[in-house]
Amino acid sequence: MIKVIVWNENRHEQKNPVVKDIYPKGIHGAIQEFLEKAGHDVNTATLDEVQHGLTEEVLNNTDVLVWWGHLAHDEVEDEIVNKVYQRVLDGMGLLVLHSGHFSKIFKKLMGTSCDLKWREADEKERIWIVNPSHPIANGLGEYIELDKEEMYGEHFDIPAPDDLVFVSWFEGGEVFRSGAAYNRGKGKVFYFRPGHETYPTYYNEDVQKVITNAVSFLAPSGSEAPKYGNAKPLEAIGAK
């Protein structure tokens, strides 16, 4: 059983009645529900909790951290960001959703601005599976179609992914690298684009399948941690 924390800043739900109506238990609550149905051990954390709900004890007992943020990236304490960063390097998986591309933790792991084009125009998004053999694409068809979503467009200022799983096309003509996987230290990171707060995207069965697959993919492998620093030779050097 994979131990998951779904982190959400939980601000839109408090400020916007449209979002509250779509996600009465919060975006984090909606994601928690379908991940629990998939058999995972899921808890949630939000921005306004002590240490944003991400205490050292919580992080040390988390296999995969799911991250959704938008309005309050700057309110996330650097100390917590650094702890999450180290846990990823130590093997914890990180799933970054939608506007989490601009979160402190994602930018720190990418080393770039992570900026992009965007537009809110109720347009169709077609998410093409460009790497069908990848575990995150298990059980999907050729594409996922969302009737209405916010547009994100290139150029997306991220490093070249270790694996690119999805590319989105939008009704207005843009394309976007919408499913990008990275290795960082012992950990893995996956960015998945859809999930604007005023659309019921996280109730879409294919979107749920992607997130569920991603949690399994991102879970720690259990491999031994590499050793760094000065090393003794494995063989006698210069022996005849």
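What you see is a predicted model, and the numbers here were worked out from it, not measured in a lab. (Residues numbered from 1 in each chain as written. Predicted model: local features only at pLDDT ≥ 70, side-chain atom pairs only at ≥ 80, totals over all residues. Heavy atoms only, no water.)

### Focus on the layout of surface pockets
Rolling a probe over the atoms, with the probe sized like a water molecule, indicates the empty space that remains.
Okay, step 1: Space inside the largest pocket adds up to approximately 220 Å³.
Okay, step 2: Residue lining of the largest pocket: 13 residues in total, with His70, Ser99, His101, Trp118 and Tyr152 positioned closest to the centre.
Okay, step 3: For the lining of the largest pocket, the secondary structure elements donating two or more residues are strand 5 (117-129) and strand 6 (143-153).
Okay, step 4: Partitioning the lining of the largest pocket into residue classes produces 4 nonpolar, 6 polar and 3 charged. (1 Å grid on protein atoms, 1.4 Å probe; cavity = no way out; pocket = protein on both sides within 12 Å on 5 of 7 lines; lining within 4 Å. Points joined across faces, edges and corners; volume = space filled by probe spheres on them. Helix = DSSP H or I, 4+ residues; strand = E, 2+ residues; numbered from the N terminus. Nonpolar A, V, L, I, M, F, W, Y, C, P; charged D, E, K, R; others polar.)

### Quick notes on the pattern of salt bridges
Okay, step 1: What the rule picks out here adds up to 13 salt bridges.
Okay, step 2: Notably, a salt bridge pairs Asp78 with Lys104, separated by 2.8 Å at the nearest N-O pair. In this pair, Asp78 sits in helix 5 (residues 78-90) while Lys104 sits in helix 6 (residues 104-110), placing the two residues 26 residues apart along the sequence.
Okay, step 3: In this structure, a network of salt bridges that share partners links the residues Arg11, Asp48 and Glu75. (Salt bridge = Lys/Arg side-chain N within 4 Å of Asp/Glu carboxyl O.)

### Regarding the UniProt feature "domain: ThuA-like" (unreviewed entry) in the protein
Okay, step 1: Feature annotation in UniProt assigns "domain: ThuA-like" (unreviewed entry) to the following positions: residues 3-217.
Okay, step 2: In residues 3-217, the share of helix is 28% and the share of strand is 33%. The end C-alpha atoms are 13 Å apart. (UniProt positions renumbered as here; feature names shortened; annotations may be inferred.)

### Some thoughts on the sheet that holds strand 3 (residues 64-68)
Adjacent strands of a sheet form backbone hydrogen bonds with each other and so pair up, either parallel or antiparallel.
Okay, step 1: Within the open sheet, the 9 strands sit side by side as 2-1-3-4-9-8-7-5-6. Their pairing is mixed. With partners counted over all chains shown, the strands left at the sheet margins are strand 2 (41-46) and strand 6, one partner each. Direction aside, neighbouring strands of the sheet carry axes that sit 25 degrees apart on average.
Okay, step 2: Taken together, the 6 bridges between strand 7 (residues 163-170) and strand 8 (residues 175-184) define a ladder with antiparallel strand orientation. Bridged to Asp163 within strand 8 is Ala181.
Okay, step 3: Along the sheet face, helix 5 touches strand 3, strand 4 (93-97), strand 8 and strand 9 (187-192) and points at about 115 degrees away from the line of strand 9. (Pairing = 2+ DSSP bridges. Axes fitted to C-alpha atoms, helices over the stretch in contact; angles between N-to-C directions. Contact = heavy atoms within 4.5 Å.)

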